[in-house]
Amino acid sequence: MTTNKMILESLSNELFIELFDVVDLFRSFCGLNTRFNSLLLIHFRDCRVDFRSIFKEDFNRFCRTYLPFIMNQTIYLRLSDNEDTPYQCAHFQSAGFTFGQFDNLRYLTLENVSSDSKIDQFFFSDLYHLRNSTHQKFINCRLHGISSDDFQGVIDQIWNLPKLTHCYFDFCFRSRSHFCIPTSVSTSLQYLTILGNWWYSNKFVDLLKKTPHLRTLPYH
């Protein structure tokens, strides 16, 4: 144990940052000693926060004691409502966090989000604040409870982001096709993927007009 501790202590800060993401480092070393606390709060300049497969107790502790201090350093955020982390998005929201608080966020991934009673109508309401966002990904999001008007607002926020180049939509709605044509023209979006929707030809043309810099559009 002493030898392992000495080996651990001998690793450089740069190597720790390379080996661990910020959530794993927090779970493993937070409070261990002043060096690791300094590493967590000071040396991580570009934080990648990936909450997949985290225990709820660790998630709550991270959000309560650490996340408020690194929001401006967070460039990647991933929330997941899968079997291992049910209602994670609701817990994130109930802890008082909004996407608009992450000023330097570039990558946002939401996985298995469900628009049930545990997520209120304001969950997607401040995507427009993510002015530095370049990549957004929505994976298997079940928006059965969201109205077409509310979803129109989500799409318009995304199309108005000035730096967004990549967007991946995998939404499931109560009706067969629910994807809304944006009302604004995107000045940056180049790579767009839309799954699970069908299009009338005029809607497809309208989408292209609203996304004039588009390079690829695979959809199924």
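For every chain, the first residue of the written sequence is number 1, and numbering continues from 1 onward in sequence order. Where local features are concerned, this predicted model is filtered to residues with pLDDT of at least 70; where side-chain atom pairs are given and counted, the filter is 80 or more; whole-chain, interface and lining totals use all residues. Neither water nor hydrogens contribute to the side-chain values; these are computed over all heavy atoms in the structure.

Asker: Just to check I follow, could you spell out the side chain of Thr-211 for this structure?
Answerer: Put simply, DSSP H or I for four residues or longer makes a helix, DSSP E for two residues or longer makes a strand, and each gets a number counted from the N terminus. Along the chain, the position of Thr-211 falls in the segment after α9 (201–210). When sequence neighbours within four positions are dropped, the list of residues in contact with Thr-211 reads Trp-159 and Leu-189. Should any heavy atoms of two residues lie within 4.5 Å, those residues are considered in contact.

Asker: Teacher, can you tell me more about the pattern of salt bridges here?
Answerer: Close approach of charged atoms lets side chains of opposite charge pair. One speaks of a salt bridge when a side-chain nitrogen belonging to Lys or Arg is within 4 Å of a carboxyl oxygen belonging to Asp or Glu. With the rule as written, the count across this model stands at three salt bridges. The residue Asp-58 makes a salt bridge to Arg-61 at a minimum N-O spacing of 4.0 Å. Within this pair, Asp-58 and its partner Arg-61 are both found in helix α5 (residues 56–65), separated by three residues, close to a single helical turn. Each residue is assigned to one of three classes by its accessible area relative to the maximum for its type, calculated with a 1.4 Å probe on protein chains only: buried under 20%, partly exposed between the two thresholds, exposed over 50%. Taking the relative accessible area as the measure of exposure, Arg-61 reaches 29% and is therefore partly exposed. The shortest N-O distance in the salt bridge between Arg-78 and Glu-111 comes to 2.8 Å.

Asker: Please explain the nonpolar core as it appears in this structure.
Answerer: The tendency in soluble globular proteins is for nonpolar side chains to be buried side by side. Phe-51, Phe-62, Phe-99, Phe-151, Phe-169 and Leu-192 are the most contacted members of the largest nonpolar core, which totals 55 residues. With five residues, helix α8 (residues 148–159) is the single largest residue contributor to this core. The source of the domain bounds is an automatic or database domain assignment. Each of domain 1 (11–44) and domain 2 (46–210) gives at least three residues to this core. Nine residue types can take part in a nonpolar core, namely buried Ala, Val, Leu, Ile, Met, Phe, Trp, Tyr and Cys, and a core is a set of them joined through side-chain atoms within 4.5 Å.

Asker: Help me understand the side chain of Asp-126 in this model?
Answerer: As for its placement among the helices and strands, Asp-126 is situated in the loop between β3 (107–111) and β4 (135–142). Of note is the side chain of Asp-126, whose polar atom sits 3.2 Å from the side chain of Thr-98. Under this definition, polar contacts are N or O atom pairs within 3.5 Å; protein pairs additionally need one hydrogen-donor-capable and one acceptor-capable atom, and for neighbouring residues in sequence, both atoms have to be side-chain atoms. Polar side-chain contacts of Asp-126 include one of 2.7 Å to the backbone nitrogen of Gly-100. Setting aside residues up to four positions removed in sequence, Asp-126 forms contacts with Thr-98, Phe-99, Gly-100 and Gln-157.

Asker: Teacher, can you tell me more about the packing of aromatic side chains here?
Answerer: Given two aromatic rings, their pairing is described by the distance between the two centres and the angle made by the two planes. Put simply, two rings from Phe, Tyr or Trp (the six-membered ring, in Trp's case) pair if the centres are within 6.5 Å, and we call them stacked under 30 degrees between planes, edge-to-face over 60, tilted for the rest. For the coordinates displayed, the defined rule picks out 14 aromatic pairs. When the ring of Phe-51 is compared with that of Phe-62, the centres are 5.5 Å apart and the planes differ by 80°; the resulting orientation is edge-to-face. With Phe-51 in the loop between β1 (47–50) and α5 and Phe-62 in helix α5, this residue pair connects regions lying eleven residues apart in the sequence. Overall, Phe-51 belongs to the buried group, its relative accessible area being 0%. Where Phe-151 meets Phe-171, the ring centres are 5.1 Å apart and the plane angle is 85°; that geometry is what we call edge-to-face. In this pair, Phe-151 is assigned in helix α8 and Phe-171 in strand β5 (residues 166–172), connecting sequence segments 20 residues apart. Judged on exposure class, the residue Phe-151 and its partner Phe-171 are both buried. Following the ring pairs from residue to residue traces out a cluster consisting of Phe-92, Phe-97, Phe-99, Phe-102, Phe-123 and Phe-124. The criterion for a charge sitting over a ring is simple: Lys NZ or Arg CZ within 6 Å of the ring centre, and within 35 degrees of the ring normal. Seen from the ring of Tyr-76, Arg-48 lies directly overhead, with NZ or CZ sitting 4.0 Å from the centre. Its guanidinium or amino end placed over the ring of Tyr-168, Lys-137 lies 5.0 Å from that ring's centre, counting from NZ or CZ.

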